[in-house]
Every structure is written in C-alpha cells, then in structure tokens.
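These are the residues of each chain, in order.
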Amino acid sequence: MAKYVLRRLAEMIPLLFLVSVAAFVLVRIMPGDAATAYLNSINAQITEEALAKVRAELGLDGPVWLQYIRWLKQVARLDLGVSYMTKKPVLDQLLLGLRYTMLLTGAAAVWIVCLSLPLGIAAGVRPGKAADQVIRYLTFLGSSMPSFWLGFVLVELFALKLKVLPVQGAASWRNLILPSATLACSYVAMYTKMVRNGIVENGRRRFAVYGKARGLGSGMILLRHVLPNSLNPIVTTLGLSLGSMLSGSVIVENVFAWPGMGRLIVSAVSGRDYPMIQGYILVIAAVFTLLNLCADMICAAMDPRIRLGAYGEGRQG
C-alpha cells in the first residue's frame, strides 16, 4: 500500500505540470489586458508610457515562454508570486481562503452524509413503495434547483423573514448553516439516488440471497453485506464531488459573502490578476488530486480486493 500511495503522489507531478501550462495559457488568452486593468484599478491615466511601465513592473514585458519559465521557477519554490491587485503573496491569500472554503465544503459533506444515507436506505430497502416514491420526488426537486436560486430562497426565509440565521460573513458556526446547506443540496439528491440504487442492486445479488437462506435477518444483511458493497463507488465519487465543491463554491460564497477562495477568484478574474488566477487553478488541482487519493485509500481500507490489487500493482511497478 505504501508503494501504491507513493506512486500516486509521484503521478501528481506531471499532472500539476500540465495544469500549470494550461493555467498559464488560459489566462493569457483571456479578453482584456492585465496592465490596463491595473491602471483602471488605481484610477491612473492609460497611456503608452504608463502601460509599458506597468508591464515591466508586473513582469509582462518579456516573451510568454520566458514569463512561464520565471513563474514555474517560483512555483517550484512554493512561491506563487504577488497579487497584482493587493500586492500581497498569492499563496498566503489562497491558503487563507482555502481554509474557509474547506470549512464550507466539509460542512456540506456532513449534510450529504447525514441526509443521503438514511434517505437512500429508506428508499432502497422497499423499492417502489410510498417512501421510495416520495424520496425520489424530493431528490428530483433537489437536483433541479440552481444553487444561486436556492441560496436566495434560504436567505429570504431564514434570514429576512424568520431572522433565525445570519446571512453573510463567517463570524460563527451559525454563518455556516445556510451556505453549506445550499452547496450540499444537489449533491444530497445525487447521493441519495446512488445509495438507493446501490442497495436495490446489491440486495438482489447472491450474497444477500444466501444470507437469507442462512437465516440472517434483513437488518444484518443490510449492514454487513449490502451497505458496504453499495458504499465503495459512492466513496470514490464523493472524492470527486469534494473537489468539485471546492472549485464550484464560487456562486455560494458570493451569495453569502463567505470569505473563501471563490470570492478571491471572482475579483481576480475581473482585475486580470494573473498570479492569483494561476495560483488558484494550481491549488484547486492539487487539492482535487489529494482528495481523490484519500477516497481511493478509504475504498482500499473498506474492500480487501482493492487493497490486494494495490499491492499487486506496487509489486509490478
């Protein structure tokens, strides 16, 4: 297992290199000019002299390939550069924002686990019955609601009318409830369907039938055999979803004024802040890959077949 983990970590290096190339190229082909955006942000007059001076100051005056090499050398030293707009180190700002974004994502994951498992089990143990029909209808509604619309509805209901929850900021745990619920809603619907379908499918397999023949109760068969086999693909997918939530929390963070990376990237894109955008893409890619690796490790711990396969791959490598 150790060799498998080390190999997966080594595979991150070429992946992150390709991501760095893509990030650097994408920000360069964005409409607009970083030097012009910078002059506009400080209300300075835009002249050819001012543009040339700003480009030299921001390191945008050389060939693109040379700019990339300089930036890549900085990244190798864990230095993502300095923000054009705030004049602060990009890495420090991203790590601060990442802390809040991961807190939001973790709270959303709690919603997902606490709601998807019982709802999926309730729907899966008696497919086609009334509870299954109601839960499937609710999951359809949950997956159909856009997060920005749901966020405004929750703000209107719980913050403005009932006045029981705060609407913005990150002052306490109460500020976390509405944005995390908004972020989790569509994922709760998706994972409820996955748990339900997994239980229905595995409940018809031979090991469940043999368990009944041996006299095991329905609850024992569900907990010891059906549910563990249903959760393996869900854990793997959850690793992907956590990465998607980290990168896709932009709308939710802006609706609730949550001080995460989503708000940073919105202001960075509007200001053509190249170092911030490039650093954001790299950090998200690294966290996304690490989350996938953690999900694979959890699946390997749950399923001996995966663990033995990982050992075999390690020996062959």
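Residues numbered from 1 in each chain as written. Predicted model: local features only at pLDDT ≥ 70, side-chain atom pairs only at ≥ 80, totals over all residues. Heavy atoms only, no water.

Student: Looking at this model, I keep getting lost on the pattern of salt bridges. Mind explaining?
Tutor: Enumeration over the complete set of coordinates arrives at two salt bridges. Between R136 and D132 there is a salt bridge, with the nearest N and O atoms lying 3.8 Å from each other. Linking R136 with D132, this pair stays in helix α6 (residues 130–144), spanning four residues, or about one helical turn. The class of R136 is partly exposed, set by a relative accessible area of 43%. The salt bridge involving D132 is made with R196; its shortest N-O contact spans 2.8 Å. Placement of the pair is D132 in helix α6 and R196 in helix α8 (residues 177–202), with a sequence separation of 64 residues. R196 gets classed as buried once you look at its relative accessible area, which sits at 14%. Taken together, the shared-partner salt bridges connect D132, R136 and R196 into one network. (Salt bridge = Lys/Arg side-chain N within 4 Å of Asp/Glu carboxyl O. Helix = DSSP H or I, 4+ residues; strand = E, 2+ residues; numbered from the N terminus. Buried < 20%, exposed > 50% of the residue type's maximum accessible area, 1.4 Å probe, protein only.)

Student: How should I be thinking about the side chain of R272 in this particular structure?
Tutor: Along the chain, the position of R272 falls in the loop between α12 (261–270) and α13 (274–302). Of the polar contacts made by the side chain of R272, one reaches the backbone oxygen of V269; its length is 2.6 Å. Excluding residues within four positions of it along the chain, R272 makes contact with M30, P31, G32, D33, A34, A37 and Y84. (Polar contact = N/O pair within 3.5 Å; in protein donor to acceptor, adjacent residues only side chain to side chain. Contact = heavy atoms within 4.5 Å.)

Student: I would appreciate a short explanation of the nonpolar core in the present structure.
Tutor: Generally speaking, a soluble globular protein has its nonpolar side chains buried in company with each other. L80, L94, I112, M245, M261 and V283 are the most contacted members of the largest nonpolar core, which totals 67 residues. For this core, the element with the highest residue contribution is α13, accounting for ten residues. When residues no more than four places from it in sequence are discounted, the contact partners of L80 are W71, V75, V90, L91, L94, P275, G279, L282 and V283. (Core = buried A, V, L, I, M, F, W, Y, C linked by side-chain atoms within 4.5 Å.)

Student: Please explain a nonpolar patch on the surface as it appears in this structure.
Tutor: Where nonpolar side chains cluster on the molecular surface, the patch consists of F17, L18, V21, V25, L26 and I29 and spans about 560 Å² of accessible area. Of note, L18 is situated in helix α1 (residues 2–28). (Patch = residues over 30% accessible without salt bridge, like charges linked within 9 Å, V, L, I, M, F, W, Y side chains within 5 Å. Areas by Shrake-Rupley, 256 points an atom, 1.4 Å probe, with all protein chains shown as cover.)

Student: What is the right way to look at the packing of aromatic side chains in this model?
Tutor: By convention here, two paired aromatic rings are described through the distance between centres and the angle between planes. Applying the stated criterion across every chain yields a total of five aromatic pairs. Taking 5.2 Å as the distance between ring centres and 70° as the angle between the ring planes, the aromatic pair formed by F24 and Y68 counts as edge-to-face. Residue F24 is located in helix α1, and its partner Y68 is located in helix α4 (residues 64–76); the two are separated by 44 residues in the primary sequence. Residue classification places F24 among the buried residues on the basis of a relative accessible area of 3%. Centroid distance Y68 to W71: 6.2 Å. Interplanar angle 50°. Geometry classified as tilted. Here W71 and Y68 lie together in helix α4, a separation of three residues that amounts to about one turn. (Phe/Tyr/Trp six-rings, centres within 6.5 Å; stacked < 30°, edge-to-face > 60°.)

Student: Would you mind showing me how to read the packing of helix α7 (residues 147–161) against α8 here?
Tutor: Geometrically, a packed helix pair is captured by the angle between its two axes and the distance between the axes. Between α7 and α8, the shortest axis-to-axis distance is 9 Å and the interhelical angle comes to 145°. Viewed along their axes, α7 and α8 form a crossing whose handedness is right-handed. Counted together, S147, L150, G151, L154 and F158 of α7 and L178, T182 and C185 of α8 form the full contact between these two elements. (Axes fitted to C-alpha atoms, helices over the stretch in contact; angles between N-to-C directions. Left-handed = near helix turned anticlockwise from the far one by under 90°.)

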